Amino acid sequence: GDSVTQMEGPVTLSEEAFLTINCTYTATGYPSLFWYVQYPGEGLQLLLKATKADDKGSNKGFEATYRKETTSFHLEKGSVQVSDSAVYFCALRRAAGNKLTFGGGTRVLVKP
Amino acid sequence: GAGVSQSPRYKVAKRGQDVALRCDPISGHVSLFWYQQALGQGPEFLTYFQNEAQLDKSGLPSDRFFAERPEGSVSTLKIQRTQQEDSAVYLCASIGTISTDTQYFGPGTRLTVL
């Protein structure tokens, strides 16, 4: 079945550091890929998405590129802020269906 | 409405009690999903509606779990004879059109079974 694997946290960084969160997936077909973010006390929000190979999703300084050859969708940000402290979830949606399959989440803590 | 709303936000139940969790999707959204998120884990799919039709209930963990969406808008997730392992955050999400990729999530209902 479909699965998403992402690096375990917590990831602790200083402000302005570079952030990478690895995400790999297993799925049949050509899934759409997503990063969702959950800020403290808030619900899940879509951060970015990519719907086909080599697409790059970007939002709020975050980027991720859909790499079919390595079945990966790693999240990156060049200079994190304290406000980026949150839990980040990688997810896929198989083309044929609509349900999301999530990874386990990665907690990121950015210190001033 | 402005977003997906869920009620109650918090529910404490004694083991064996029945609970009902409500989801109000974004007005006009066709598809509605329920997910279960255990502490420290990612959400896991429970069930999916397109309008009033329940098209996929493969994620429901047992026959104690039941969901409905009788008029194609508000949905209720019912858990009968709750067990401690049912303690989790229950998330609802909706999509405007079938081809749209973006699911909009509600704030969730945190269920604690004592």
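Thresholds, definitions, all that
Residues numbered from 1 in each chain as written. Chains lettered and ligands numbered in written order. Predicted model: local features only at pLDDT ≥ 70, side-chain atom pairs only at ≥ 80, totals over all residues. Heavy atoms only, no water. Core = buried A, V, L, I, M, F, W, Y, C linked by side-chain atoms within 4.5 Å. Buried < 20%, exposed > 50% of the residue type's maximum accessible area, 1.4 Å probe, protein only. Helix = DSSP H or I, 4+ residues; strand = E, 2+ residues; numbered from the N terminus. Contact = heavy atoms within 4.5 Å. Buried area = accessible area lost by both parts, 1.4 Å probe. Salt bridge = Lys/Arg side-chain N within 4 Å of Asp/Glu carboxyl O. Polar contact = N/O pair within 3.5 Å; in protein donor to acceptor, adjacent residues only side chain to side chain. Nonpolar A, V, L, I, M, F, W, Y, C, P; charged D, E, K, R; others polar. Pairing = 2+ DSSP bridges. Axes fitted to C-alpha atoms, helices over the stretch in contact; angles between N-to-C directions.

(A) Looking closely at the nonpolar core. If you look at the biggest cluster of nonpolar residues, it comprises 26 residues, and the most contacted ones within it are Trp35, Phe73, Leu75 and Tyr88 of chain A. Elements supplying a minimum of two residues to this core: strand 2 (11-14), strand 3 (19-21), strand 4 (23-26), strand 5 (32-38), strand 6 (44-50), strand 8 (62-65), strand 10 (86-93) and strand 12 (106-111) of chain A. Sorting elements by how many residues they give to this core places strand 10 of chain A first, with four residues. Those residues within four positions of Leu75 of chain A in sequence are excluded, and the remaining contacts are Leu19, Thr20, Ile21, Trp35, Leu47, Leu48, Phe62, Glu63, Ala64 and Tyr88 of chain A. Core analysis: the second largest hydrophobic core is formed by 20 residues, Val19, Leu21, Ile26 and Cys92 of chain B among them.

(B) Looking closely at the interface of chain B and chain A. Of the residues lining the interface, 21 residues belong to chain B; the matching set on chain A comes to 17 residues. Around 1400 Å² of area is buried between chain B and chain A when both sides are counted, 50% of it from carbon and sulfur atoms. One can count zero salt bridges joining chain B with chain A. Our count for the contact surface shared by chain B and chain A stands at three residue pairs in polar contact (both at pLDDT 80 or more). Taken together, the elements giving at least two residues each to the side of chain B that touches chain A come down to strand 4 (31-37), strand 5 (44-50) and strand 9 (88-95) of chain B. A total of three residues in the side of chain B that touches chain A trace back to one element, the largest contributor, which is strand 4 of chain B. Its residues placed into classes, the side of chain B that touches chain A shows 10 nonpolar, nine polar and two charged.

(C) Quick peek at the sheet that holds strand 3 (residues 19-24) of chain B. Residues and elements named next belong to chain B. On the basis of which strands lie adjacent, the open sheet formed by four strands has the order 1-3-8-7 and antiparallel pairing. What marks the edges here is a single partner per strand, and that holds for strand 1 (5-7) and strand 7 (65-68). Within the sheet, the average angular offset between the axes of one strand and its neighbour, ignoring direction, is 15°. Relative to strand 3, strand 1 runs antiparallel, the two sharing three bridges. Its bridge partner lying in strand 3, Ser5 is registered against Asp24.

(D) Structural context of the sheet that holds strand 9 (residues 75-77) of chain A. Residue and element names in this part refer to chain A. Taken in spatial order, the four strands make up an open sheet running 3-9-8-7, and their pairing is antiparallel. Looking at the sheet topology across the chains shown, the edges are occupied by strand 3 and strand 7 (56-59). Adjacent strand axes in the sheet meet at a mean angle of 15° when their direction is disregarded. Both strand 7 and strand 8 contribute to a ladder of four bridges, which runs antiparallel. Looking at strand 8, one finds that Lys56 is bridged to Thr65.

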